[in-house]
Amino acid sequence: MITCHLKYVIDATKMAEFEQYCRMWLPLIKKFGGVHHGYLLPSEGASNIALGSFSFPSLAAYEQYRISSLDDPECQVAFRFSKETRCFLSYERTFFRPLFPE
């Protein structure tokens, strides 16, 4: 299993738009065989950083999701929404291998 952790730099004045963007992706990850672990939106402290994470069974499955999402109509809506609203300024992807209790 591989977990993709996203760190977004968001436009704090567009929190509602960013939250809508996040809600679009929650079911889409599942559609492609992943598990979305949710988003963490700013509350106290920095108002321009948000986090999200989701897992796929393997890096190959994640890469297939990335390829397939480019042609998926629902993903295209989410991609366009982020470009039109500019609700986030940038993001970083980091991949982790989760370790669970035995």
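See the structure shown above.
All values reported here derive from a predicted model rather than from experimental measurement.

Colleague: Sorry if this is basic, but what is going on with the overall build of the chain here?
Modeller: Counting its secondary structure elements, the chain contains three helices and four strands. Starting at the N terminus and ending at the C terminus, the chain contains elements arranged as β-α-β-β-α-α-β. Seen through its C-alpha atoms, the chain measures out along the principal axes to roughly 40 × 35 × 20 Å. The buried share of the chain, taken over its 102 residues, is 32%. Within the chain, contacts between residues at least 6 apart in sequence are counted, and of these 72% link residues at least 24 apart. Of the roughly 6600 Å² that the chain leaves accessible, carbon and sulfur atoms contribute 56%. Distance from the positive charge centre (11 side chains) to the negative charge centre (11 side chains) of the chain: 3 Å.

Colleague: Looking at this model, I keep getting lost on helix α1 (residues 15–31). Mind explaining?
Modeller: Residues spaced three or four apart along an α-helix face the same direction, because each turn holds 3.6 residues. Over its 17 residues, α1 extends 25 Å from the first C-alpha to the last, a length consistent with the 24 Å expected when each residue adds 1.5 Å. Two residues or fewer after α1 comes G33, characterised by a positive phi angle close to 95°.

Colleague: Would you mind showing me how to read the pattern of salt bridges here?
Modeller: Pairs may arise between side chains of opposite charge once their charged atoms sit close together. All told, the structure shown has three salt bridges when counted by the stated rule. Put simply, K31, D72 and E74 are held in one network by salt bridges that share partners.

Colleague: Explanation requested: the environment of M1 in the structure shown.
Modeller: Relative to the elements of secondary structure, M1 occurs in the segment before β1 (2–10). The spatial distance from the C-alpha of M1 to the C-alpha of S55 is 6.8 Å, given a sequence separation of 54 residues. Here M1 is in contact with S55, F56, P57, F96, R97, P98 and F100, once residues within four sequence places are set aside.

Colleague: Explanation requested: the nonpolar core in the structure shown.
Modeller: As a rule of thumb, nonpolar side chains are buried together in soluble globular proteins. Counting 22 residues, the largest nonpolar core has Y8, F18, Y21, W25 and F54 as the members making the most contacts within it. Breaking this core down by element, the ones donating at least two residues are β1, α1, β3 (49–56), α2 (59–69) and α3 (73–85). Take this core: its biggest share by element is six residues, from α1.

Rules used throughout
- Residues numbered from 1 in each chain as written.
- Predicted model: local features only at pLDDT ≥ 70, side-chain atom pairs only at ≥ 80, totals over all residues.
- Heavy atoms only, no water.
- Helix = DSSP H or I, 4+ residues; strand = E, 2+ residues; numbered from the N terminus.
- Buried < 20%, exposed > 50% of the residue type's maximum accessible area, 1.4 Å probe, protein only.
- Contact = heavy atoms within 4.5 Å.
- Areas by Shrake-Rupley, 256 points an atom, 1.4 Å probe, with all protein chains shown as cover.
- Lys, Arg positive; Asp, Glu negative; His and termini not counted.
- Charge placed at Lys NZ, Arg CZ, Asp CG, Glu CD.
- Expected span 1.5 Å × (residues − 1).
- Salt bridge = Lys/Arg side-chain N within 4 Å of Asp/Glu carboxyl O.
- Core = buried A, V, L, I, M, F, W, Y, C linked by side-chain atoms within 4.5 Å.

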